[in-house]
Amino acid sequence: MTTPLRSLFDFNGGVKPDYHKDASTRLSIGVLSAPTEVPTELVIPLHQSIGGTPRPIVAVGEQVKKGQRIGDADGDVSSAVHASTSGTVSAIEMRRMPHPSGLSSLCVVLETDGRDEWIACQAFDHKLATPQEIRDYLRDCGVVGLGGAVFPTHLKLNADRQGGIETLIINGAECEPYITCDDMLMRERANDIVRGVVLMREILGAKQVRIGIEDNKPEAIAAMQVAVGDCGDDLQVVVVPTRYPAGGAKQLIRVITGIEVPHGKRSIDYDVQCFNVATALAIYEAIGLGRPLISRIVTVAGNVDAPRNFDVLIGTPIKKIIAACSPLPDTNRLIMGGPMMGVEMPGDEVPVVKATNCILLGSNKIFPPPAPEMPCIRCGECALACPADLQPLELYWFSRAKIFGKAQEYHLFDCIECGCCSYVCPSNIPLVDYYRFAKSEIWAREKEKSLADEARDRFEFRQFRDVRDEQEKSARLAARAAAAAAAKQLATTDTVAIPNTEASTEANEKAALIAAAIARAREQQVTATPQNMQQLSAEQLAEISAIEARRAEIREQAKPHLPPDA
Amino acid sequence: MFEAILVMSVGAIVLGAALGYAAVKFRVEGDPLVEKIDAILPQTQCGQCSFPGCKPYAQAIARGEAEINQCPPGGEDGIRKLADLLGREFKPLSAEHGIEKPKAVAVIDEQTCIGCTLCIQACPVDAIVGAAKQMHTIIAEQCTGCELCLPPCPVDCITMETLHETVETWKWKYPVVTLHPAANLQ
């Protein structure tokens, strides 16, 4: 199918950095997930997506198969995790995460057995399933957005919507320098991607499908066009101009449909939904083949002799794939992601997770240390480069001065942290670092505030409950006293004159209550016969009565000997 | 002369009536200042300020009966916010009311707990679950770290555990400008 002529739209700003994409696309995708290549130990973090941390459902020492679920999604905004190969769970413990903090998180450590034995995989019939069943199935297959945000896909792939959506956009733009995992995936597995896209279209009921690919990937475009032609569905491959960050979801939607998703809205509010190409493949594997998400394509690039893409099992230590690319000796840092948005890794033992699209090795030669930060001169270059149409310089002033309220007024949270502003800044200000600082500070404060509000509510309710209980108790007592008094009055009207003074009425009420209680207790004592005494022989009964008599005697002796006049 | 007095009095009566009506019609329920102060206080309800809860302390501050530096959980940050709100001078935290500690939650040693319910009665925010002669436990997310459950426990089975930073609660640090030695200029 040929792409019809169609007009594309444009987004503001953006930059054109050096792409460095050729080196890692010369070789085909290397397979590090083959049985012989599987490392002896996999460290699978439980928390790999946005949302709640999955709960481990395996025990230490348990045998697991490839694709077996080891962590159950915690709530709806969460996604399951699976064993990437067969083996034994050797520990469930805190291990260092591929996260800039270098902190640890709960991981399932798998000692692999080399057999790479799959669970019984069964395709899922989405046509017979209800929307809720599809959502639950994808959640339990651990399918998340593989473009980098790892947002649980089942929340976006909503079949409930009346009349379907207008446009389904598949994001194959991959705009960040060095990263080529989506490019290679489209070149080599275009047919499976297209099968996934067709599945997504059926679930979402999308009227049109656009697969957006940047024009610097001619091989991927050709492969996808062939695959689209073969599938028989009217999907369209759209070639978009190469400019960073054309692969941002909002930017790609703008380029393809012309829709600008405003502040506070999501693309679905405009009948558009956007997914990454690797996510489409994961959906095909989950629904079409019944396989959960246990591996992904990772680019290794930068300061290595042989940059390449690998199909890597989730949980593989990154040093294992780096070693396959012969890193150069002057490597001094490891970055997960690309040079624009990537974050530095605390060490090379951290595992590959679902968010790992690229491992970039840095040296002072490739990425020289940043020049010293100089004062902002308000030149406005950052505002011209910002693809989200923000005012980065204002955000910078407010974040730097910790005036977070104003930063939010200038829509700090619409910043996609693409790094264009830092890239163009003539004063070398690490602008994105300031925004990240301000964002995490605001999140922490909001969380603290909501916890404080909750504590206040609970405290106030407790006080209210104490007062209410006290009132209810006194009301109950008063009602009982009144009832008792009335009963006594009825019983004694004929014989005794009721004393009229309030004090004596109260005393009488109390006395009556006590007397009534004693009478009730006596009555109960008389009527109650222990249940175990019904079928006893005469001998046993005699023994019991003897014991009772002895008890009565002792009780009599124990009584204080009061003077007779007391 | 008489006219002038009349005009002024009529004016005074009209304006007084308008103000009186407005005072009844647009009456503000409660003290908005107390609400603002209460919003800054950390709601631990620990009583370290010598008032029975955060709201009473907020009321006392609003009446001018309490200093702004009596809240150890709010810390220096909280004192600064109160000083800003009330236009008072910043004061360091008063030592007699306690010291600022990192946030902690209470943890019950379930092996030792005898199920006496004394801690449940002491908890100001109902964060302890349990019943008489049943094991008690603390809902960590709802514990404010007030330490009020520690003294009543007859078997001392409650300890305070400091909350450590996790990947989820980690915050990006303020960008620090690294200083380099100046180039050796000729």
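Residues numbered from 1 in each chain as written. Chains lettered and ligands numbered in written order. Predicted model: local features only at pLDDT ≥ 70, side-chain atom pairs only at ≥ 80, totals over all residues. Heavy atoms only, no water.

**Describing the pairing of strand E5 (residues 69-72) of chain A**
Residues and elements named next belong to chain A. We apply this condition: Pairs of strands are assigned from DSSP output, requiring at least two bridges between the strands. For the purposes of this entry, the term helix denotes a DSSP run of H or I that reaches at least four residues, the term strand denotes a run of E that reaches at least two, and both are numbered from the N terminus.
Two strands pair when backbone bridges link them, and strand E3 (residues 55-56) and E5 are joined in this way by 2 bridges, in the antiparallel orientation. Bridge pairing in E5 links Pro56 to Gly71. Both E5 and strand E6 (residues 81-82) contribute to a ladder of 2 bridges, which runs antiparallel. Looking at the pairing, Gly71 lines up with Val81 of E6.

**Considering the domain arrangement of chain B**
All names here are of chain B. Note the threshold: Residue ranges assigned to each domain were obtained from an automatic or database domain assignment. Contact between two residues is taken to exist if any of their heavy atoms lie within 4.5 Å; hydrogens are not considered. Here's the idea: put two parts together, see how much 1.4 Å probe accessible area each one loses, and the total over both is what we call buried area. The working definition used for a salt bridge is a side-chain nitrogen of Lys or Arg within 4 Å of a carboxyl oxygen of Asp or Glu. As used in this structure description, the phrase polar contact means that two N or O atoms lie within 3.5 Å; if the pair is within protein, one of them must be able to donate a hydrogen and the other to accept it, and residues adjacent in sequence are counted only when both atoms belong to side chains. Three residue categories are used. Nonpolar comprises Ala, Val, Leu, Ile, Met, Phe, Trp, Tyr, Cys and Pro, charged comprises Asp, Glu, Lys and Arg, and polar comprises the others, including Gly.
Assigned domains of chain B: these are domain 1 (32-97) and domain 2 (104-162). Each side of the interface is counted separately: domain 1 has 4 residues, and domain 2 has 5 residues. Considering only the surface of domain 1 that becomes buried against domain 2, Thr44, Gln45 and Cys46 emerge as the three largest contributors, covering 88% of it. The interface formed by domain 1 and domain 2 includes 0 salt bridges. Seen at the junction of domain 1 and domain 2, the total is 1 residue pair in polar contact (both at pLDDT 80 or more). A breakdown of the residues in the side of domain 1 that touches domain 2 according to their chemical character gives 1 nonpolar, 3 polar and no charged.

**What about the interface of chain A and chain B?**
Across the boundary between the two partners, chain A contributes 32 residues, which contact 30 residues of chain B. Interface of chain A and chain B: buried area, both sides summed, is about 2700 Å²; carbon and sulfur atoms make up 58% of it. Contact with chain B buries area across many residues of chain A, yet Arg458, Phe459 and Arg462 of chain A alone supply 23% of it, more than any other trio. At the junction of chain A with chain B, the criterion picks out 5 salt bridges.

**What about the environment of Leu281 of chain A?**
If you trace the backbone, Leu281 of chain A turns up in helix H7 (residues 277-288). Residue contacts for Leu281 of chain A: discarding those within four places in its chain leaves Leu185, Arg189, Asp192 and Ile193 of chain A.

**Points about the packing of helix H3 (residues 181-188) of chain A against H7 of chain A**
Residue and element names in this part refer to chain A. Selection criterion: In this description, a line fitted to the C-alpha atoms serves as the axis of each element, helices being fitted only across the stretch in contact, and the angle between N-to-C directions of two axes falls anywhere from 0 to 180 degrees. Orientation is classified from the angle alone, with under 35 degrees giving roughly parallel, over 145 giving roughly antiparallel, 65 to 115 giving roughly perpendicular, and any other angle giving oblique.
For the pair H3 and H7, the least separation of the axes is 9 Å and the interaxial angle reads 50°. When the axes of H3 and H7 are compared, the pair comes out oblique. Judged by residue contacts, Asp182, Leu185 and Met186 of H3 engage Val277, Ala278 and Leu281 from H7. Its residues assigned to classes, the contact of H3 with H7 comprises 5 nonpolar, no polar and 1 charged.

**Brief notes about the domain arrangement of chain A**
Residue and element names in this part refer to chain A. Partitioning chain A into domains gives domain 1 (23-362) and domain 2 (373-490 + 504-517). Inter-centroid distance (C-alpha atoms) of domain 1 to domain 2 is 35 Å. Counting residues at the interface gives 10 residues for domain 1, matched by 12 residues for domain 2. Interface area, domain 1 with domain 2, both sides summed: about 840 Å², of which 54% is carbon and sulfur. There are 1 salt bridge connecting domain 1 and domain 2. We note a salt bridge from Asp389 to Arg254, for which the minimum N-O separation is 4.0 Å. At the boundary of domain 1 and domain 2, one finds 5 residue pairs in polar contact (both at pLDDT 80 or more). Class assignment of the residues belonging to the side of domain 1 that touches domain 2 gives a composition of 5 nonpolar, 3 polar and 2 charged.

**A few points about the pattern of salt bridges**
Residue and element names in this part refer to chain A. Note the following rule: Categorising residues by exposure relies on relative accessible area from a 1.4 Å probe, with only protein chains included: less than 20% of the type maximum marks a residue as buried, more than 50% marks it as exposed, and the intermediate range marks it as partly exposed.
In the structure shown here, the tally under the stated rule is 46 salt bridges over all chains. Here Arg69 ties to Asp140 by a salt bridge, and the two come within 3.9 Å at their closest N and O atoms. On the criterion of sequence distance, the pair formed by Arg69 in strand E5 and Asp140 in helix H1 (residues 131-140) is long-range, its members being 71 residues apart. On the basis of relative accessibility, which here comes to 31%, the residue Arg69 falls in the partly exposed class. Each of Arg69, Asp72, Asp76, Asp136, Arg139 and Asp140 takes part in a single network of salt bridges with overlapping partners.

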